[in-house]
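Observations on chain architecture
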Amino acid sequence: MSQISKMSAQKLNFYYGNFKALDAINLDFNENQVTALIGPSGCGKSTFLRCLNRMNDLIPGTRVEGSLTLDDGQLYDPKVDVVELRRRVGMVFQKPNPFPKTIFENVAYGLRVNGIHDQNLIAERVEVSLKGAALWDEVKDRINESALGLSGGQQQRLCIARAMAVEPEVLLMDEPCSALDPIATQKIEELIFELKKNFTIIIVTHSMQQAARVSDVTAFFYMGKLIETDKTETLFTRPKNKQTEDYITGRFG
Ligand code: ADP
């Protein structure tokens, strides 16, 4: 297992106006690993995830303190090109959100936005991305049909293909299975296992079972603080902190 740190938060604070939603978070994300962020609703998981590709910039009145790095670069350096940052750090959301376009165009979109116009290259990348998202076989004969005709699980895999098409390095997933049935969920979980060979993956999940199944490292958040982080197996079997233990044993949450 590689131990190269791809992203790192040091003493990260985050504010919505005067409300401090994240308090002194220190957390490293290693390459080719899946890190799960868990904790009760409102503990700051999504806020933290959205810091990692500066999605929070879009919310007025928010403020960040501390250090957040991708490789050696500071994410919140004013010189950072946020569009390029979001290409490197892709995101998949809770509800599948395909564009009302064809399956092909959904995946090709990000390539065109990033200035790629070579039709052969686009077609090739679309196919590779759909294969990478384990969707190609199901859609190859209907690639020019609307993406909205796909099932929820297929739509979510399409969104993963769309995120992958621009060749990101990190993939952020915000409860990617919460709108899916158990079979579609299993497919996404199997896909996450494959994807980590090529990407650094950070997933917010409300399901401890899912965290236990898909992640290498788990970070437990509570009321804006990172309480404990460890190898997933260790965190779920021998937590060091009482609050972690109470949460994973279902005493609150
Ligand atoms: P989680 O993902 O763990 O459920 P969130 O990151 O969504 O938690 O929320 C953390 C805290 O920040 C909560 O108290 C929530 O009410 C608050 N919060 C989230 N989004 C906003 C926002 N846009 N404006 C103000 N407060 C917010």
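Here's a quick rundown of the structure. (Residues numbered from 1 in each chain as written. Predicted model: local features only at pLDDT ≥ 70, side-chain atom pairs only at ≥ 80, totals over all residues. Heavy atoms only, no water.)

A short note on the packing of helix 4 (residues 119-132) against helix 6 (residues 152-165)
For the pair helix 4 and helix 6, the least separation of the axes is 8 Å and the interaxial angle reads 130°. Taken together, the axes of helix 4 and helix 6 lie oblique to each other. Crossing of helix 4 over helix 6 shows right-handed handedness. Contacts between helix 4 and helix 6 involve Arg125, Ser129, Leu130 and Gly132 from the former and Leu158, Ala161, Met164 and Ala165 from the latter. Residues of the contact of helix 4 with helix 6, tallied by class, amount to five nonpolar, two polar and one charged. (Axes fitted to C-alpha atoms, helices over the stretch in contact; angles between N-to-C directions. Helix = DSSP H or I, 4+ residues; strand = E, 2+ residues; numbered from the N terminus. Parallel < 35°, antiparallel > 145°, perpendicular 65-115°, else oblique. Left-handed = near helix turned anticlockwise from the far one by under 90°. Contact = heavy atoms within 4.5 Å. Nonpolar A, V, L, I, M, F, W, Y, C, P; charged D, E, K, R; others polar.)

A word on the layout of surface pockets
Of the voids in this model, the largest pocket is the one considered here, and its volume is about 580 Å³. Arg86, Arg87, Tyr109, Gly110 and Val166 are, among the 21 residues lining the largest pocket, the residues nearest its centre. Elements with a minimum of two residues in the lining of the largest pocket: helix 2 (82-88), strand 6 (89-92), helix 3 (103-113) and helix 6. The element that contributes the greatest number of residues to the lining of the largest pocket is helix 2, accounting for four residues. Residue composition of the lining of the largest pocket, by class: 13 nonpolar, five polar and three charged. Counted as a void, the second largest pocket has a volume near 210 Å³. As for the second largest pocket, its lining consists of Gly132, Ala134, Met164, Glu167, Pro168, Lys187, Glu190, Leu191, Glu194, Leu195, Asn198 and Phe199. Considering every element that reaches the lining of the second largest pocket, the biggest residue donor is helix 7 (residues 182-195), with five residues. Residue composition of the lining of the second largest pocket, grouped by class: six nonpolar, two polar and four charged. (1 Å grid on protein atoms, 1.4 Å probe; cavity = no way out; pocket = protein on both sides within 12 Å on 5 of 7 lines; lining within 4 Å. Points joined across faces, edges and corners; volume = space filled by probe spheres on them.)

Quick look at the environment of Lys20
Relative to the helices and strands, Lys20 resides in strand 2 (residues 19-30). Along the sequence, Lys20 and Met223 sit 203 residues apart, while their C-alpha atoms lie 9.7 Å from each other. Sequence-distant contacts of Lys20, defined by excluding residues within four places in its chain, comprise Asn13, Phe14 and Tyr15. Side-chain polar atoms of Lys20 contact the side chain of Asp23, separated by 3.2 Å. (Polar contact = N/O pair within 3.5 Å; in protein donor to acceptor, adjacent residues only side chain to side chain.)

Quick notes on the packing of aromatic side chains
Under the criterion given, the structure shown has six aromatic pairs. Centroid distance Phe220 to Tyr222: 6.5 Å. Interplanar angle 10°. Geometry classified as stacked. When its relative accessible area of 0% is taken as the criterion, Phe220 is described as buried. An aromatic cluster of three or more residues is present, and its members are Phe29, Phe48 and Phe221. Positioned over the ring face of Tyr15 is Arg63, at 4.2 Å from the centre of the ring. If you follow Arg162 out to its NZ or CZ, it ends over the ring of Phe99, 4.3 Å from the centre. (Phe/Tyr/Trp six-rings, centres within 6.5 Å; stacked < 30°, edge-to-face > 60°. Buried < 20%, exposed > 50% of the residue type's maximum accessible area, 1.4 Å probe, protein only. Lys NZ or Arg CZ within 6 Å of the ring centre and 35° of its normal.)

Observations regarding the sheet that holds strand 7 (residues 170-174)
Whenever strands of a sheet pair, they do so through backbone hydrogen bonds, lying parallel or antiparallel. The strand order across the open sheet formed by six strands is 6-7-8-3-9-10, and the pairing between neighbours is mixed. Of all the strands in the sheet, the pair left with one neighbour each is strand 6 and strand 10 (225-231). Ignoring which end each strand starts from, the neighbouring axes of this sheet average 20° apart. Bridge count for strand 3 (residues 34-38) against strand 9 (residues 217-222) is four bridges, and the pairing is parallel. Paired with Ile38 across the strands is Phe220, a residue of strand 9. Each of strand 6 and strand 7 touches helix 6; the most contacted strand, strand 6, lies at about 170° to it. Together, strand 3, strand 7 and strand 8 (200-204) form the strand contacts of helix 7, whose direction differs from that of strand 8 by roughly 150°. (Pairing = 2+ DSSP bridges.)

All we've got here are geometric facts, nothing functional implied.
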